[in-house]
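# Observations on the model geometry
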Amino acid sequence: MEKFLLLFHSAPMTAQDMQAMSPEAMQAELAKWNTWIGGIAAQGKMISTEGLYPSGKVMSDAGNIVTDGPYAESKEVVGGFMLLHAADFDEVTQLAKGCPVFDNGGLVEVRQIQNYG
């Protein structure tokens with residue numbers, strides 16, 4: 001089995017967006033994610049998954065320059081990731097097809113983890 005990383009890209013969600021969602025809508029969104037993640041976990045394929053805060057730091061110049069990021073003008077942010085096992089790109093893309101990020105116009109970036117061992 002190979003390791004793959006799924007990066008979930010979506011439009012940044014503001015505090016106003018969050019406040020506009022009803023508790024029922026938030027619960028429904030969480031339920032979609034829990035169902036999809038649970039299905040992958042039940043197959044023994046998931047290694048880990050986490051959501052990410054919408055802001056962070058961007059480092060450049062060998063770490064000497066640290067700026068706020070991602071930037072406010074960003075049309076999309078990486079909102080989370082999943083690390084999982086799959087046989088190949090065909091299998092991992094089939095698993096990713098059910099990702100709820102697609103429901104809101106987001107995308108999933110699929111990257112294979114290099115094996116140096």
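Up top you'll find the structure we're talking about.
Quick caveat, the model's predicted, so the values are computed rather than measured. (Residues numbered from 1 in each chain as written. Predicted model: local features only at pLDDT ≥ 70, side-chain atom pairs only at ≥ 80, totals over all residues. Heavy atoms only, no water.)

## Brief notes about the overall build of the chain
What counts is decided by this rule: A helix here means a DSSP run of H or I that spans at least four residues, while a strand means a run of E at least two residues long, and both kinds are numbered starting from the N terminus. Contacts were defined at the residue level, with two residues in contact if any of their heavy atoms lie within 4.5 Å. In short, Shrake-Rupley with a 1.4 Å probe defines the accessible areas, and a residue's cover is counted only from the protein chains shown. Charged residues are defined here as Lys and Arg on the positive side and Asp and Glu on the negative side; His and the ends of the chain fall outside this count. Each charge is placed at NZ for Lys, CZ for Arg, CG for Asp and CD for Glu.
Summing up its helical and strand segments, the chain has three helices and six strands in all. Expressed as lengths along the three principal axes of its C-alpha atoms, the size of the chain is roughly 45 × 40 × 20 Å. Within the chain, contacts between residues separated by at least 24 positions form 76% of all contacts whose residues are at least 6 apart in sequence. For the chain, the accessible area works out to roughly 8000 Å², and carbon and sulfur atoms hold 56% of it. Taking the average place of the 7 positive charges on the side chains of the chain and the average place of its 14 negative ones, the gap between the two points comes to 3 Å.

## Quick notes on the nonpolar core
Side chains that are nonpolar tend, in soluble globular proteins, to be buried together. Quick reminder of the rule: Note on terminology: a nonpolar core comprises buried Ala, Val, Leu, Ile, Met, Phe, Trp, Tyr and Cys residues joined through side-chain atoms within 4.5 Å. In this scheme, a residue with accessible area under 20% of its type's maximum is buried, one over 50% is exposed, and one in between is partly exposed, where area comes from a 1.4 Å probe on protein chains only.
Formed by 16 residues in total, the largest nonpolar core has its most connected members in L6, F8, W36 and M82. Ranked by residue count, the leading element in this core is helix α2 (residues 23-42), at four residues. Residues in contact with W36, not counting those within four places in the same chain, are L6, F8, M82, L95, A96, G98, C99 and P100.

## A closer look at a nonpolar patch on the surface
Heads up, the rule is: For patch building, the residue pool is restricted to those with more than 30% relative accessible area and no salt bridge; the joining distance is 9 Å between like charges and 5 Å between nonpolar side chains (Val, Leu, Ile, Met, Phe, Trp, Tyr). Here, a salt bridge means any Lys or Arg side-chain nitrogen found within 4 Å of an Asp or Glu carboxyl oxygen.
A surface patch of nonpolar side chains, about 250 Å² in accessible area, is lined by M13, M18 and M26. If you trace the backbone, M18 turns up in helix α1 (residues 15-20).

## Some points on the pairing of strand β3 (residues 56-60)
Using the following cut-off: When DSSP locates at least two bridges between a pair of strands, those strands are taken to pair.
Across five bridges, β3 lies against strand β4 (residues 65-69) in antiparallel orientation. What sits directly across from S60, in β4, is I65. Two successive antiparallel strands, β3 and β4, enclose a turn made up of four residues, where D61 displays a positive phi of approximately 50°.

## Focus: helix α3 (residues 89-96)
As a reminder, the rule being used: Read the arc as the range of directions from the helix axis to the C-beta atoms. Side-chain atoms alone can form a polar contact between residues adjacent in sequence; in general such a contact is a pair of N or O atoms within 3.5 Å, and within protein one must be able to donate a hydrogen while the other accepts it.
Every buried residue of α3 is accounted for by V92, L95 and A96. Each buried residue of α3 sits inside an arc of 100° when the element is viewed along its axis, so together they form one side. For α3, the exposed residues lying more than 90 degrees away from the buried face are D90 and Q94. Close packing links the buried residues of α3 with β1 (2-10), α2, β5 (77-86) and β6 (107-112). The distance from a side-chain oxygen at the start of α3 to the backbone nitrogen of D90 is 3.2 Å, and the residue carrying that oxygen is D88.

## Some remarks on unusual backbone geometry
Look at D61: it is not a glycine, yet its phi comes out positive at around 50°. With respect to the helices and strands, D61 occurs in the loop between β3 and β4. The partly exposed category is assigned to D61, whose relative accessible area is 48%. Positioned with a positive phi, A62 is a non-glycine residue whose angle comes to about 55°. As for its placement among the helices and strands, A62 is situated in the loop between β3 and β4.

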